[in-house]
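Geometric and topological summary
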Amino acid sequence: MNKIIAANWKMNKSSKEAEDFLRRIEISDKNTVIIFPSFTALPAVSSIIGRHHSGAQNVFYEEKGAYTGEISPVMVKEFADYALVGHSERRALWETDEIIGKKVRAAQNAGLKVLLCVGEAGGQDRNRTLETQLRKGLMGANEKNIVIAYEPVWAIGTGLTAKAAEIAEAVSFIKALHKCSVIYGGSVTASNAKEMLSVCDGLLVGGASLDAEGFRKIIEL
Ligand code: PEP
């Protein structure tokens, strides 16, 4: 089917747990699988499945300097080919659309492919939110190496999913604006993944990507 199946492990799994997990799944050419572990587990993940299947959950927007605690895209590029940018859990902390735009450009300058997350919160107008997040997030970016994850905030980690028809609408809205692959994220599980996959280019899986058995079912679809 060749879809993109990305796993966002959030703040979970040590290197050892990551190794155990990866031993229990098999990454074939059937779909493009990308694992986003914590920074500390990234070297272990990358050494097992390769940098082309590995990504960082965040990057800073400067290459180097006096930014205590930050990790630059150039550092990430040692281990991974992808960076996740604009996840709603980071937007909720402090990241604005302008900061996200800087991160996207910095990641691309370092040679990383970007998985940019966008999506409306409950009560927000979907298309207006997507248009603003995409315009600011992709300002000055090269669309060629961008994948967009449509993740309605109300669906993340809640067990609520957007309906397939709503996902299809959001996907065509985004594709009318940008020539990028568009994947869906928000409470995807092995039981609903097939339906979601039928209307988009792949999935960003959070909670359900922590369990090797469940994730194996999704990547084998
Ligand atoms: C996510 O973290 O991007 C996500 C979609 O999480 P979950 O699958 O748990 O809703």
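Residues numbered from 1 in each chain as written. Predicted model: local features only at pLDDT ≥ 70, side-chain atom pairs only at ≥ 80, totals over all residues. Heavy atoms only, no water.

A look at the site of the ligand
The environment of the ligand is made up of 14 residues, and the closest members are Lys10, His87, Glu151, Gly157 and Ser187. In the model, an oxygen atom of the ligand is placed 2.7 Å from a nitrogen or oxygen of the Lys10 side chain. Between the ligand and His87 there is a distance of 2.8 Å, counted from an oxygen atom to a side-chain nitrogen or oxygen. Contact with the protein chains removes 96% of the 290 Å² of surface that the ligand exposes when unbound. Of the residues contributing to the shell around the ligand, the split by class is 4 nonpolar, 8 polar and 2 charged. (Near = heavy atom within 4 Å. Polar contact = N/O pair within 3.5 Å; in protein donor to acceptor, adjacent residues only side chain to side chain. Areas by Shrake-Rupley, 256 points an atom, 1.4 Å probe, with all protein chains shown as cover. Nonpolar A, V, L, I, M, F, W, Y, C, P; charged D, E, K, R; others polar.)

Some words on the pairing of strand β8 (residues 202-205)
With burial as the criterion, each face of β8 is covered, one bearing Gly202 and Leu204 and the other bearing Leu203 and Val205. Sheet topology note: the strand β1 (residues 4-8)/β8 ladder contains 4 bridges and is parallel. Directly across from Ile5, in β8, lies its bridge partner Leu203. Bridging between strand β7 (residues 181-185) and β8 involves 2 bridges; their strand directions are parallel. (Buried < 20%, exposed > 50% of the residue type's maximum accessible area, 1.4 Å probe, protein only. Helix = DSSP H or I, 4+ residues; strand = E, 2+ residues; numbered from the N terminus. Pairing = 2+ DSSP bridges.)

As for the state of the cysteines
Linking two cysteines covalently through their sulfur atoms gives a disulfide. By the definition in use, this model includes 0 disulfides. Distance from the sulfur of Cys117, which forms no disulfide, to the nearest cysteine sulfur (Cys180) is 13 Å. With no disulfide partner, Cys200 has as its closest neighbouring cysteine sulfur the one in Cys117, 13 Å distant. (Disulfide = S-S within 2.5 Å.)

Observations concerning the nonpolar core
Nonpolar side chains in soluble globular proteins tend to be buried together. Ile35, Leu116, Tyr184, Leu203 and Phe215 are the most contacted members of the largest nonpolar core, which has 52 residues in total. Residues contacting Ile35, with those up to four places away along its chain left out, are Ala7, Trp9, Phe21, Leu22, Val45, Ile49, His53, Ser54, Gly55 and Phe215. Among the nonpolar cores identified, the runner-up in size contains 12 residues, and Ile4, Ala6, Cys117 and Ile183 belong to it. (Core = buried A, V, L, I, M, F, W, Y, C linked by side-chain atoms within 4.5 Å. Contact = heavy atoms within 4.5 Å.)

Digging into the packing of helix α6 (residues 126-137) against helix α7 (residues 164-177)
It is at 11 Å that the axes of α6 and α7 come closest, and there the two elements cross at 40 degrees. The way α6 lies across α7 gives a crossing that is right-handed. Two secondary-structure elements touch here, α6 through Arg126, Asn127, Leu130, Glu131 and Leu134 and α7 through Glu166, Glu169, Ala170, Phe173, Ile174 and Leu177. For the contact of α6 with α7, the class distribution of residues is 6 nonpolar, 1 polar and 4 charged. (Axes fitted to C-alpha atoms, helices over the stretch in contact; angles between N-to-C directions. Left-handed = near helix turned anticlockwise from the far one by under 90°.)

Brief notes about the pattern of salt bridges
Per the counting criterion, the structure on display carries 15 salt bridges. One salt bridge in this structure joins Arg24 and Glu213, with 3.9 Å as the shortest N-O distance. In this pair, Arg24 sits in the loop between α1 (15-23) and β2 (32-36) while Glu213 sits in helix α9 (residues 212-219), placing the two residues 189 residues apart along the sequence. The class of Arg24 is partly exposed, set by a relative accessible area of 47%. Here Asp97 ties to Arg91 by a salt bridge, and the two come within 2.8 Å at their closest N and O atoms. Comparing Asp97 with Arg91 shows no difference in burial state: the two are buried. Salt bridges sharing common partners tie together Arg24, Glu213, Arg216 and Glu220. (Salt bridge = Lys/Arg side-chain N within 4 Å of Asp/Glu carboxyl O.)

Quick look at α7
The α-helix advances 3.6 residues per turn, and as a result positions three or four apart in sequence lie on the same side. The terminal C-alpha atoms of α7 lie 20 Å apart, and with 14 residues this matches the ideal 20 Å at 1.5 Å per residue to within 8%. Taken as a whole, α7 has its buried residues at Ala164, Ile167, Ala170, Val171 and Ile174. Mapping the buried residues of α7 onto a view down its axis gives an arc of 125 degrees, with all of them on the same face. Every exposed residue of α7 that faces more than 90 degrees away from the buried side is listed here: Ala165 and Ala176. (Expected span 1.5 Å × (residues − 1). Arc of directions from axis to C-beta.)

A closer look at the packing of aromatic side chains
Within the structure shown, the criterion is met by 5 aromatic pairs. An angle of 50 degrees between the planes, with centres 4.9 Å apart, marks the rings of Phe60 and Tyr67 as tilted. Judged by its relative accessible area of 6%, Phe60 falls in the buried class. Overall, Tyr67 belongs to the partly exposed group, its relative accessible area being 35%. Judged by centre distance (6.4 Å) and plane angle (50 degrees), the rings of Tyr150 and Tyr184 are tilted. Taken as a pair, Tyr150 in strand β6 (residues 146-150) and Tyr184 in strand β7 lie far apart in primary sequence, 34 residues in all. (Phe/Tyr/Trp six-rings, centres within 6.5 Å; stacked < 30°, edge-to-face > 60°.)

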